[in-house]
Amino acid sequence: MKVQLPVHKNEQRTGTVTDLTYEGNGVVKVDHYPIFIPNALPGEAIEYVVTKVTKNFAWGRVLAWQSKSPDRVDLADQRYLQTGIAPLGHLAYPAQLRFKQKLIQDLLQKAHLDLAVSPTMGMAKPYQYRNKAQVPVKLVKGQLQTGFYRRGSHQLVPIEDFYIQDPVIDQTILVVRDALRKFKLTPYDEKTGKGIIRTVMVRRGYYSHEVMVVLITKTQHLPYAKELTATIKKQVPELKSLVQNINSKPTNKLLGDENRLLWGQATIEDRLLGIDFKISPLSFYQVNPQQTERLYQTAIDQAGLDGRQTVIDAYCGIGTISLAVAKHAKQVYGVEIVPAAIEDAKQNAALNGITNAKFVVGKAEEQMAKWQKAGLKPDVLIVDPPRKGLAESLITAAGQMAPKKIIYVSCNPATLVRDLQRFVEQGYHVTKPIQPVDQFPQTTHVESVTVLERTQND
Ligand code: SAH
C-alpha cells in the first residue's frame, strides 16, 4: 500500500521552524510530519525546498528567510556549516549554551525524570580552542589542498582558517601544505589507490606550546623526507616532533600502526589539572584542554574527596581523571579497554610520581564484576563512558558494590538519561543539578556531570 506523504521531493513551501534537533537542524512540521532543514533556527519563517523524502521524515534546504532569529549570527564563512566544522556556528554562543541545557532537560522530561539541569558552563572565547587537527589532503582542480570534507561526503573543501582550532595549528598546516606542494608530493587518491599523503595531523600543547606534526602516508617511502623536514622545522619554531605514520590499508581509519620519527622527539608533553602527560601520535588526548579541566574538576569536586577514599575510574583512558583524583584519594583503580591507553596511564603515573593509582586493561563491565568478587569496596565510582553509555551489567555490578557516590561524566545525554533510570532502580538518586560543560563550542556535542548517591535504607 502506498502511504500518502504530506510533502514531495522538489516541492517548494513556506513554514516556521519550531525546533532544533540534537544535530543542529531546524525542524518544520507539516501535519506532525517533520522536515529537517540545515541552517534554519527556531522561530524563523522560511521558504524551503524539499530535497529528500522518507516515510517518517524529509530533508529540506532554505531558499529564503522571511524572518530571522535574534539568536542568528551571520557566519562570514558558510563552509564552517557545510563541512560540519561548526554545525552550530550560525547560533549565538549564549543560545548554544541554552540549547545544550535544554537538550538534557527535554530528554529527562520525556523519561519522566524530574531533575534540574544547571546552565551550561561555557568558554570565554568559544573558538580557536582545539589542540589537535586532522586534515585530509586531496587534489582539488589539480592542486594539493588541505581542508575538511563536506558533510556526509569525501569531497574536500579547501580551508585555511579552521575557526575552532588553535591558530598556530592552522599556520602549521599551511606550512606543511606549501612544503608538500613545493616538493610535488601527491595526495593519496581513494579511487585509484595511488598517491602518497593521506592526512596531516597537528597537535599543540596548551601550556607547553610544543608542536607535533604527523604526516600520514599511504606508502612506506616518503620522497624528499629530508627536504620536507628541513622546510617544516625552519618555519614552525615550536616544532618538537615530526613523525611519519604509515597507513597503507584502504580504510577510513585515520592512523596506521607504524610510526617513523623524522625529526625531534617521539612525544610532546602537556599538562592537565597539574599533571604532566606525554602524548604520542596514537595517544588519545582531550582536544579542549581548558574545558576538560573544568569538566573533570567539577567531577572531582563533586566526589568530595579528603584523602581517605577508594575510587574507581571506569573508562579511564590515559588516566586523566584517575591521576588528578589520586592526589585527593587513598587509592585509585582505573580500567580501560585500549591497552595502549593503559600503557600511557602507567607511564603518566610514573612521570608524575603517583604511586596510589593502579591501572588494568579490560572491559569496565567485566572488571567491575571481578573487583566486586574480590571484595573491593569503592567509596566513589567515576564513569566517563563513550557515546553508547554504560552496559547494564556495569550498573548491576555498581549496585552490588554499593559505592556511596557515583559521578557520571557523559558525552551523550540520551544514554545518560537511560542510565540514570537504571541507577534509580539500583537504589541511587541524583543529588545535585546536572552540570553541562561545553567541551565543543560551535558543535552539537553535549557533555555533563551528574552526581548520584545511594538512597539510605540498607
Ligand atoms: N576519561 C578519559 C576518557 C574517557 S573516553 C580521559 O580523559 O582520557 C571513554 C573511554 O572509554 C575511551 O578511552 C574508550 O577506549 C574506553 N572504553 C570504551 N568502551 C569501554 C569498555 N567497555 N570498558 C572500558 N573502557 C571502555
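Residues numbered from 1 in each chain as written. Predicted model: local features only at pLDDT ≥ 70, side-chain atom pairs only at ≥ 80, totals over all residues. Heavy atoms only, no water.

Participant: What's the story with the overall build of the chain in this structure? I'm lost.
Facilitator: If you tally the helices and strands in the chain, you get 10 helices and 23 strands. The C-alpha atoms of the chain give 24 Å as radius of gyration, which agrees with the globular expectation for 458 residues (23 Å, within 12%). Overall, the C-alpha framework of the chain stretches about 70 × 65 × 45 Å when taken along its three principal axes. Here the chain holds 458 residues, and 54% of them are scored as buried. Pairs at least 24 apart in sequence give 64% of the contacts found in the chain among residues at least 6 apart. As displayed, the chain has an accessible area near 21,300 Å², and 51% of this comes from carbon and sulfur atoms. Once the 58 positive and 44 negative side-chain charges of the chain are each reduced to a mean point, those two points are 5 Å apart. (Helix = DSSP H or I, 4+ residues; strand = E, 2+ residues; numbered from the N terminus. Rg over C-alpha atoms; globule rule 2.2 N^0.38 Å. Buried < 20%, exposed > 50% of the residue type's maximum accessible area, 1.4 Å probe, protein only. Contact = heavy atoms within 4.5 Å. Areas by Shrake-Rupley, 256 points an atom, 1.4 Å probe, with all protein chains shown as cover. Lys, Arg positive; Asp, Glu negative; His and termini not counted. Charge placed at Lys NZ, Arg CZ, Asp CG, Glu CD.)

Participant: Sorry if this is basic, but what is going on with the pattern of salt bridges here?
Facilitator: Pairing between side chains of opposite charge can happen when their charged atoms approach one another. By the definition in use, this model includes 21 salt bridges. Residue Glu160 pairs with Arg177 through a salt bridge whose shortest N-O separation is 2.9 Å. Note that Glu160 is positioned in the loop between strand E9 (156-158) and helix H3 (167-182) and Arg177 in helix H3, a separation of 17 residues in sequence. Note on Glu160: relative accessible area 43%, which makes it partly exposed. Using a relative accessible area of 9% as the deciding quantity, one classes Arg177 as buried. Two residues, Glu238 and Arg204, come together in a salt bridge whose shortest N-O distance is 3.0 Å. In this pair, Glu238 sits in the loop between helix H4 (225-235) and strand E12 (239-246) while Arg204 sits in strand E10 (residues 197-204), placing the two residues 34 residues apart along the sequence. For Glu238, a relative accessible area of 26% puts it in the partly exposed group. Each of Glu160, Arg177, Asp178 and Arg181 takes part in a single network of salt bridges with overlapping partners. (Salt bridge = Lys/Arg side-chain N within 4 Å of Asp/Glu carboxyl O.)

Participant: Looking at this structure, how should I read the environment of His328?
Facilitator: Summarising the element assignment, His328 is placed in the loop between helix H6 (320-326) and strand E17 (331-336). Distance from His328 to Gln165, taken between C-alpha atoms, is 33 Å for residues 163 residues apart in sequence.

Participant: Sorry if this is basic, but what is going on with the UniProt feature "binding site: S-adenosyl-L-methionine" (unreviewed entry) in the chain here?
Facilitator: UniProt records the feature "binding site: S-adenosyl-L-methionine" (unreviewed entry) at Gln286, Tyr315, Glu336 and Asp384, using the numbering of this structure. By relative accessible area, Gln286 is classed as buried at 13%. Non-local contacts of Gln286, meaning those with residues more than four positions away in its chain, are made with Asn131, Thr292, Tyr296 and Gln439. Following the sequence through the fold, Glu336 ends up in strand E17. (UniProt positions renumbered as here; feature names shortened; annotations may be inferred.)

Participant: For this particular structure, what's the right way to read the nonpolar core?
Facilitator: Most often, soluble globular proteins keep nonpolar side chains buried together rather than apart. If you look at the biggest cluster of nonpolar residues, it comprises 43 residues, and the most contacted ones within it are Val311, Leu323, Val325, Phe359 and Ile407. Built from parts of two domains, this core gets at least three residues from each of domain 2 (132-272) and domain 3 (288-454). Dropping the residues within four chain positions of it, Leu323 is found in contact with Ile275, Phe277, Ile318, Ala345, Asn348, Ala349, Ile354, Ala357 and Phe359. (Core = buried A, V, L, I, M, F, W, Y, C linked by side-chain atoms within 4.5 Å. Domains from an automatic or database assignment.)

Participant: Explanation requested: the packing of helix H8 (residues 364-373) against helix H9 (residues 392-401) in the structure shown.
Facilitator: Two quantities define a packed helix pair, namely the angle between the helix axes and the distance between the axes. Between H8 and H9, the shortest axis-to-axis distance is 8 Å and the interhelical angle comes to 25 degrees. On the basis of the axis angle, H8 is roughly parallel to H9. Considering only the axes of H8 and H9, their crossing is left-handed. Residues Ala364, Glu365, Met368, Ala369, Trp371 and Gln372 of H8 form the contact with H9, whose participating residues are Ser393, Leu394, Ala397, Ala398, Gln400 and Met401. In terms of residue class, the contact of H8 with H9 is made up of eight nonpolar, three polar and one charged. (Axes fitted to C-alpha atoms, helices over the stretch in contact; angles between N-to-C directions. Parallel < 35°, antiparallel > 145°, perpendicular 65-115°, else oblique. Left-handed = near helix turned anticlockwise from the far one by under 90°. Nonpolar A, V, L, I, M, F, W, Y, C, P; charged D, E, K, R; others polar.)

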